[in-house]
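Single-letter residue listing:
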4 protein chains.
Amino acid sequence: MYFHIESGNPKTREQIRRVFAEAYEIGKANTARGKVADYIPELAKADKNAFGLCMINEEGESIAFGDSETRFSMQSICKVVILALALKTKGFETTFSHVMMEPSGDSFNSILKLDTRSNLPFNPMINAGAIETVSLLEGDLSFEEMMAYARSLCLDHDICLDEAVYRSEFETGDRNRAIAYLLKSKSVLVGDPERTLDLYFKMCSLSVSARSLAGLGLVISNDGIDPFTGKLLIDPEHVRTIKSIMFTCGMYDYSGKFGVRVGVPGKSGVGGGMMCAARGPMGIGLYGPALDAFGNSSGAVKAMSHISKELKLHVFDY
Amino acid sequence: MYFHIESGNPKTREQIRRVFAEAYEIGKANTARGKVADYIPELAKADKNAFGLCMINEEGESIAFGDSETRFSMQSICKVVILALALKTKGFETTFSHVMMEPSGDSFNSILKLDTRSNLPFNPMINAGAIETVSLLEGDLSFEEMMAYARSLCLDHDICLDEAVYRSEFETGDRNRAIAYLLKSKSVLVGDPERTLDLYFKMCSLSVSARSLAGLGLVISNDGIDPFTGKLLIDPEHVRTIKSIMFTCGMYDYSGKFGVRVGVPGKSGVGGGMMCAARGPMGIGLYGPALDAFGNSSGAVKAMSHISKELKLHVFDY
Amino acid sequence: MYFHIESGNPKTREQIRRVFAEAYEIGKANTARGKVADYIPELAKADKNAFGLCMINEEGESIAFGDSETRFSMQSICKVVILALALKTKGFETTFSHVMMEPSGDSFNSILKLDTRSNLPFNPMINAGAIETVSLLEGDLSFEEMMAYARSLCLDHDICLDEAVYRSEFETGDRNRAIAYLLKSKSVLVGDPERTLDLYFKMCSLSVSARSLAGLGLVISNDGIDPFTGKLLIDPEHVRTIKSIMFTCGMYDYSGKFGVRVGVPGKSGVGGGMMCAARGPMGIGLYGPALDAFGNSSGAVKAMSHISKELKLHVFDY
Amino acid sequence: MYFHIESGNPKTREQIRRVFAEAYEIGKANTARGKVADYIPELAKADKNAFGLCMINEEGESIAFGDSETRFSMQSICKVVILALALKTKGFETTFSHVMMEPSGDSFNSILKLDTRSNLPFNPMINAGAIETVSLLEGDLSFEEMMAYARSLCLDHDICLDEAVYRSEFETGDRNRAIAYLLKSKSVLVGDPERTLDLYFKMCSLSVSARSLAGLGLVISNDGIDPFTGKLLIDPEHVRTIKSIMFTCGMYDYSGKFGVRVGVPGKSGVGGGMMCAARGPMGIGLYGPALDAFGNSSGAVKAMSHISKELKLHVFDY
């Protein structure tokens, strides 16, 4: 029996398992070169040496190594859930009349372009774009509804709010407050800034594992369909949009490099998580809180490079 | 017999021809909404209503409509040739120690980030990046050698220098001079600024047709191999890099939108050309000098949207 | 009897009165070329054609024309009061460890430099600088104490809070909120952002007249001493600092031009007020809510040009 | 006999001499804290410990200490000569239709605002502004005529071109080339970029001493009149303009602080020179090639602070 990764290059289950085992070793070895985020105090408590990964395919088979069940906060990876939710609730046109879809070349928390180039945030993967997107939803959806959607997308019904992280986000979220009020001052932010920020901080504080992220990657790589229930969770056209934006904007200032070197749509978070939606369909979740200079898990980047190369997952290896 | 566009969704030759015919009509109708570039005086002489497109597949079959043989200057599309040449001549590591591979979110001719974020140009598809890349080659290659490489990549041995455009570029190229000297002042530019600029202006002035661009797209989509001679023109790993960078940075400030809406690696030029490397393998060249606000041919963008949608060419439709 | 404007060029009281009468006519005629501020809705209610001016000298003699008693909100002119209060309460070193004293070349409400050049606001005359300065005082002084100081500096005990303007400021102050939270996120803002903003909005909403501003100008031009009570209100060294900063930063993006053309330390506000501290000592207050493109009262700028030229008040005419 | 510094506070010649002697000691002691400029190789050859100052009054009396006769290149101080020459040759309106008069808040060699805020350089004291101003004159005046004007303004007929510095400027002037070509690309630069740059580099390379700078300061402080010949060298209205611009923009990013702490119109250069036009009239020239972080002579700033404080030269001490 084969994993359906690449029709022209079938690999046995054992070969695939070996690739992930090697990737785990590579990633684990690279944790030493990273640094745990500390700008949100609660994040600083993570174990710098932790590393884990998990792959799930459409038949429900999974391969997991290391700290694949450890819980951590979703952080920026929630931006993918928020974007999916906005597309589902408001549609493509409305969503993208509030946020653009261009890579910005600036830091994820930059205010610069908002004040010089455009009133609209450059894309939904930077803080300004995600906050704007949440503001679109703020009047329609409760946090519980948003969390429920995150649970279904991640194929993980145990996802819940990490209260300690949420409080830490709330207390140290002044830069995000600045962004929200700047958007409000430009009449771009739709809802109430404080309620919007509260929802955003809560979504960032959802507690996931590498396995949950593999689930999210699987649904996205499976055209938005939960392969186990057959339920359509994201419209396939929206999936294409989400993948494209993840490809161009998903890895902070390393997005271009990740596109060249790994070539798989992915999204990382400063909590140490990384989620990739690879061909197969196949979802890959990684966790390593030691971050590189770009804010991506240093182990996860190296591990994904190995996996993409060995399994020929680069989208331009078609 | 079938065009091998999509294994799961074969189309007859006639169906494919009809898609291109429709795309031609859509593109032609959209020329009215664009504006011919005039910042280089020679470009302003183009026929605003001209429009043409050409597709070539690996078996040498082609479909062409409208002004598919009209000659125009390559402009920014030469950046793809320059990048391929740098990768071939200097290798991946050396090339990318001189230019980054991140989308910038700024205009193609911006100086801003060079003076605030990084001494290295953000990517090889903006002017600063292309000029830097040419400077790497300036000591090793003559213009004639560069043109010869462009001819082979485009499967078009009639490509030559448009002297009038070149003179016009040279005379009005002060912003590019500013970029070259700024790079020199940072010890980033490798070669002589004036010789570098001369080569860059000449490469921008290479005279191509929609058919030549289809040739270039075909070679790139065929993993760098000329399908008719079997000759390897670009290393397959370099092809992957080029496609990734075209995907994230190929359409100026519209790159993100093009990635979402069309989803095919492409590159446009202010001369009105657009080149796409689609699955198949299939090369598509388009020409329409009436440009939209982003500097892309307004007809070509619309035509490619139609083609991508009908033939399911979006890279995330896998 | 003479006004002591210029030892080498004494003018009779009548000559001086004529200069101010001419200035009034010039300023009044120029109101037609300006536009009342409307970004704070309450400001939009001002009479576009209103114009008035008032001069007071150290002997208490005053010359007034037009709407010199009309009340309007102080707006940015309160930044001078705030700076004086910070220097008095915290001293020079502490104050300027929180805000720089460099002209910024950007708009009064810009966020740009805060995010690119320096964590400290460039000077106390831009919003970020004034908000930071208020934050320094927030724990020590109540609004009532600040208003009391404003009253004594302006020689006007009728100054009170314009509740309607304050509410309007509060409701539309999102950009200032963004600035405060950005400063907080950088650990630069000292006090509580909301209490700081409340104080700042209240100070901006103090209701003054051209006569009150003439009073403020007189105290500043008289080395910080109330000429009628002899009381020292601002330390003379602080007065020098305040005048220097008014000279380089007092008139928004027109500060350099005002320095060349008028050459008198001054401060304007978008409520239409302008306050100048001229040699003599002499305080000049002007009011004209029709603003020019820089945000200064268009009538006041022209009137002050005339006064400075005729009475030789330019500081570099020594 | 008295120096006429301050009518209300006459000092004996001996008292004044002592102030300058103290200032020399303070300045000399501060050279240790600075660093000689090395971005132009020729400048790096200066003696880090050198320090000298010279004061000249309208009666031709002078006080000099230390390296007051050492020759060094004028560098940015030539911007004052260039501005005076443009005002004389082209008049106020024409000159300021090509360059603004606002402090920029950016580095002297910044390109940022040129590409984001305004096509016109912010003021004639930054490189872009000085280059633009030279371009205005390039068609009308030869270098010899410009040098002749510099000689007369500095009361020093021995000023000549330092060929070694000029060659060094020329060879390392790529950033200034970038500025010139950017201005040209915006159709702002009037003359030929290369000829303009050549003139600018030559003016920067004029060889002066602290005594020459004292001469320049004296002429400016004496309303543009050479006190020894009675000849009008700069129109008094232009002098006022020059002093105002020196006050707001003369000391790079330290201009605001210098205005507050010293309060005398001045201009510094990276060659280590500083020129001040103080009341009296009195010209003060200083030389100390060890520069502080802002690019001003660290000894000269400290020495001028002492002189201004002791002799009450601050313009807002009137």
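What counts, and at which threshold
Residues numbered from 1 in each chain as written. Chains lettered and ligands numbered in written order. Predicted model: local features only at pLDDT ≥ 70, side-chain atom pairs only at ≥ 80, totals over all residues. Heavy atoms only, no water. Helix = DSSP H or I, 4+ residues; strand = E, 2+ residues; numbered from the N terminus. Rg over C-alpha atoms; globule rule 2.2 N^0.38 Å. Buried < 20%, exposed > 50% of the residue type's maximum accessible area, 1.4 Å probe, protein only. Contact = heavy atoms within 4.5 Å. Areas by Shrake-Rupley, 256 points an atom, 1.4 Å probe, with all protein chains shown as cover. Pairing = 2+ DSSP bridges. Axes fitted to C-alpha atoms, helices over the stretch in contact; angles between N-to-C directions. Buried area = accessible area lost by both parts, 1.4 Å probe. Salt bridge = Lys/Arg side-chain N within 4 Å of Asp/Glu carboxyl O. Parallel < 35°, antiparallel > 145°, perpendicular 65-115°, else oblique. Left-handed = near helix turned anticlockwise from the far one by under 90°. Nonpolar A, V, L, I, M, F, W, Y, C, P; charged D, E, K, R; others polar. pLDDT = per-residue confidence, 0-100. Polar contact = N/O pair within 3.5 Å; in protein donor to acceptor, adjacent residues only side chain to side chain. Least-squares fit on C-alpha atoms with pLDDT ≥ 70 in both. Expected span 1.5 Å × (residues − 1). Bend = angle between axes of the 7 residues up to and from the residue.

**Some points on the overall build of chain A**
Right, so step 1: Per the secondary structure count, chain A includes twelve helices and twelve strands.
Right, so step 2: Computed over C-alpha atoms, the radius of gyration of chain A comes to 18 Å, within 12% of the 20 Å expected from 2.2 N^0.38 for 318 residues, which places it in the range of a compact globule.
Right, so step 3: Here the C-alpha coordinates of chain A stretch approximately 55 × 40 × 35 Å along the principal axes.
Right, so step 4: Within chain A, the fraction of its 318 residues that count as buried is 67%.
Right, so step 5: A separation threshold of at least 6 residues defines the contact pool for chain A, and within that pool the share at least 24 residues apart is 69%.
Right, so step 6: By element, 48% of the accessible surface of chain A is carried by carbon and sulfur atoms, the whole surface being about 10,400 Å².

**Comments concerning the sheet that holds strand S9 (residues 266-268) of chain D**
All names here are of chain D.
Right, so step 1: Read from one edge of the open sheet, five strands run S5-S4-S11-S10-S9, paired in antiparallel fashion. Edge positions in the open sheet fall to strand S5 (62-66) and S9, since each of these has one partner strand only. Each neighbouring strand pair of the sheet contributes to a mean axis angle of 10°, computed without reference to strand direction.
Right, so step 2: The pairing of strand S4 (residues 52-57) with strand S11 (residues 282-287) spans six bridges and is classified as antiparallel. Bridge pairing links Cys54 to Gly285 in S11.

**Focus on the interface of chain B and chain A**
Right, so step 1: At the junction of the two partners, chain B supplies 37 residues and chain A supplies 37 residues.
Right, so step 2: Between chain B and chain A the total buried area reaches about 3,200 Å² when both faces are included, carbon and sulfur atoms providing 58% of it.
Right, so step 3: In this assembly, chain B and chain A are joined by two salt bridges.
Right, so step 4: A salt bridge links Arg240(A) to Asp317(B), with the nearest nitrogen and oxygen atoms 3.2 Å apart.
Right, so step 5: Taken together, the elements giving at least two residues each to the side of chain B that touches chain A come down to helix H2 (78-95), helix H10 (236-249), helix H11 (255-261) and strand S10 (273-278) of chain B.

**A short note on the environment of Ala290(B)**
Right, so step 1: Inspection of the secondary structure puts Ala290(B) in strand S12 (residues 290-291).
Right, so step 2: Discounting residues that sit within four places of it in the chain, Ala290(B) has contacts with Thr31(B), Gly34(B), Lys35(B), Val36(B), Lys48(B), Asn296(B), Ser297(B), Ser298(B) and Gly299(B).

**Quick word on the pairing of S11(D)**
All names here are of chain D.
Right, so step 1: In terms of burial, S11 is a largely internal element, six of the six residues being buried.
Right, so step 2: The side-chain alternation of S11 yields two buried faces, one formed by Met282, Ile284 and Leu286 and the other by Gly283, Gly285 and Tyr287.
Right, so step 3: Where strand S10 (residues 273-278) lies against S11, six bridges are found, and the strand directions are antiparallel. Paired with Gly273 across the two strands is Tyr287, which belongs to S11.
Right, so step 4: Hairpin remark: S10 followed by S11, antiparallel, with three residues in the connecting loop; positive phi at Gly280, about 155°.

**What about the arrangement of the chains?**
Right, so step 1: The smallest C-alpha distance separating chain B from chain C is 8 Å, and no contact links them.
Right, so step 2: In this assembly chain A lies apart from chain D, the nearest approach of their C-alpha atoms being 8 Å.

**As for the sheet that holds strand S6 (residues 72-73) of chain C**
Residues and elements named next belong to chain C.
Right, so step 1: Strand order in the open sheet formed by three strands is S6-S8-S7, and the pairing between neighbours is antiparallel. Each end of this open sheet is capped by a strand with a single partner; those strands are S6 and strand S7 (160-161).
Right, so step 2: Note: S6 against strand S8 (residues 206-208), two bridges, orientation antiparallel. Among the inter-strand pairings, Ser73 is bridged to a residue of S8, identified as Ser207.

**Brief notes about the packing of helix H4 (residues 127-137) of chain B against helix H7 (residues 174-185) of chain B**
Residue and element names in this part refer to chain B.
Right, so step 1: Following both chains from N to C, one finds H4 and H7 inclined at 60°, their axes separated by 10 Å at the closest point. Between H4 and H7, the crossing angle belongs to the class labelled oblique. When you trace H4 past H7, the crossing you get is right-handed. Here Asn127, Ala128, Ile131 and Glu132 of H4 lie close against H7, whose contacting residues are Asn176, Ile179, Ala180 and Leu183.
Right, so step 2: Among the residues making up the contact of H4 with H7, the classes are represented as five nonpolar, two polar and one charged.

**Quick notes on the pattern of salt bridges**
Residue and element names in this part refer to chain B.
Right, so step 1: For the structure shown, the criterion picks out 44 salt bridges over all chains.
Right, so step 2: Residues Arg13 and Glu61 are paired through a salt bridge, measuring 2.4 Å at the closest nitrogen-oxygen approach. Separated by 48 residues along the polypeptide, Arg13 in helix H1 (residues 13-30) and Glu61 in the loop between strand S4 (52-57) and strand S5 (62-66) bring together distant segments of the chain.
Right, so step 3: According to the relative accessible area criterion, Glu61 is buried, its value standing at 17%.

**Thoughts on the packing of helix H2 (residues 78-95) of chain D against helix H8 (residues 193-204) of chain D**
All names here are of chain D.
Right, so step 1: At their nearest, the axes of H2 and H8 sit 9 Å apart, and the two run at 125° to each other. Looking at the two axes, H2 sits oblique to H8. Of the two possible hands of crossing, H2 and H8 adopt the one that is right-handed. Here Cys78, Lys79, Val81 and Ile82 of H2 come into contact with H8, specifically with Tyr200, Met203 and Cys204.

**Considering the confidence of the model for chain A**
All names here are of chain A.
Right, so step 1: When pLDDT is averaged along chain A, the result is 94, and 96% of the positions lie at 70 or above.
Right, so step 2: Scored below 50 in pLDDT, residues 1-8 shows 25 contacts in the model against residues more than four places distant or in partner chains.
Right, so step 3: As a predicted assembly, this complex carries a pTM of 0.94 together with an ipTM value of 0.94.

**What about the interface of chain C and chain A?**
Right, so step 1: Chain C puts 14 residues into the contact, and the matching count from chain A is 13 residues.
Right, so step 2: With both chains or domains summed, chain C and chain A bury close to 1,200 Å², and 66% of this area falls on carbon and sulfur atoms.
Right, so step 3: At the junction of chain C with chain A, the criterion picks out zero salt bridges.
Right, so step 4: Where chain C touches chain A, the interface holds zero residue pairs in polar contact (both at pLDDT 80 or more).
Right, so step 5: Mapped onto the side of chain C that touches chain A, the elements with two or more residues apiece are helix H3 (112-116) and helix H7 (174-185) of chain C.

**Section: the relation of the copies chain B and chain A**
Right, so step 1: You can overlay chain B on chain A at an RMSD of 0.0 Å; the transform is a turn of 180° with a shift of 0.0 Å along its axis. On this basis, the relationship between the two copies can be described by a two-fold rotation axis.

**Quick look at helix H5 (residues 143-153) of chain D**
Right, so step 1: Taken as a whole, H5(D) has its buried residues at Phe143(D), Met146(D), Met147(D), Tyr149(D), Ala150(D), Ser152(D) and Leu153(D).
Right, so step 2: Following H5(D) by one or two positions, Leu155(D) adopts a phi angle in the positive range, close to 55°.

**Structural notes on the side chain of Asp156(D)**
All names here are of chain D.
Right, so step 1: Following the sequence through the fold, Asp156 ends up in the loop between H5 and strand S7 (160-161).
Right, so step 2: Overall, the relative accessible area of 8% leaves Asp156 in the buried class.
Right, so step 3: The contacts of Asp156, once residues within four sequence positions are left out, are Arg71, Arg151 and Ser212.

**Some words on the relation of the copies chain C and chain A**
Right, so step 1: With an axial shift of 0.0 Å and an RMSD of 0.0 Å, the rotation relating chain C to chain A amounts to 180°.
Right, so step 2: Mapped onto chain A, 93% of the interface residues of chain C are again interface residues, and the two copies thus contact each other with one and the same surface.

**Some words on the side chain of Ser73(D)**
Residues and elements named next belong to chain D.
Right, so step 1: Relative to the elements of secondary structure, Ser73 occurs in strand S6 (residues 72-73).
Right, so step 2: Only 2.9 Å separates the side chain of Ser73 from the side chain of Gln75, close enough to count as a polar contact.
Right, so step 3: If sequence neighbours within four positions are ignored, Ser73 has contacts with Leu43, Val165, Cys204, Ser205, Leu206, Ser207 and Gly271.

**Section: unusual backbone geometry**
Right, so step 1: Backbone torsion omega between Gly280(A) and Pro281(A) reads 0°, so that peptide bond is classified as cis.
Right, so step 2: With respect to the helices, strands and loops of the structure, Pro281(A) is situated in the loop between strand S10 (273-278) and strand S11 (282-287).
Right, so step 3: Backbone geometry places Lys312(B), a non-glycine residue, at a positive phi of 50°.
Right, so step 4: The phi torsion at Leu155(C) lies on the positive side, around 55°, for a residue other than glycine.

**Thoughts on helix H2 (residues 78-95) of chain A**
Right, so step 1: In a regular helix each residue adds 1.5 Å, so 18 residues correspond to 26 Å; H2(A) covers only 16 Å between its end C-alpha atoms and thus falls short of that length.
Right, so step 2: The largest bend in H2(A) is about 90°, located at Thr89(A).

**Details of the environment of Tyr252(B)**
Right, so step 1: Among the structural elements, Tyr252(B) can be located in the loop between H10 and H11.
Right, so step 2: Relative accessible area serves as the criterion here: at 10%, Tyr252(B) is assigned to the buried category.
Right, so step 3: Put simply, Tyr252(B) and Asp106(B) are 146 residues apart on the chain and 8.2 Å apart in space, counted from C-alpha to C-alpha.
Right, so step 4: Setting aside anything within four residues of it in sequence, one finds Tyr252(B) in contact with Glu102(A), Ser76(B), Phe108(B), Lys267(B), Ser268(B), Gly269(B), Val270(B), Phe294(B), Gly295(B) and Asn296(B).
Right, so step 5: Within polar-contact distance, the side chain of Tyr252(B) engages the backbone oxygen of Ser268(B) at 3.5 Å.

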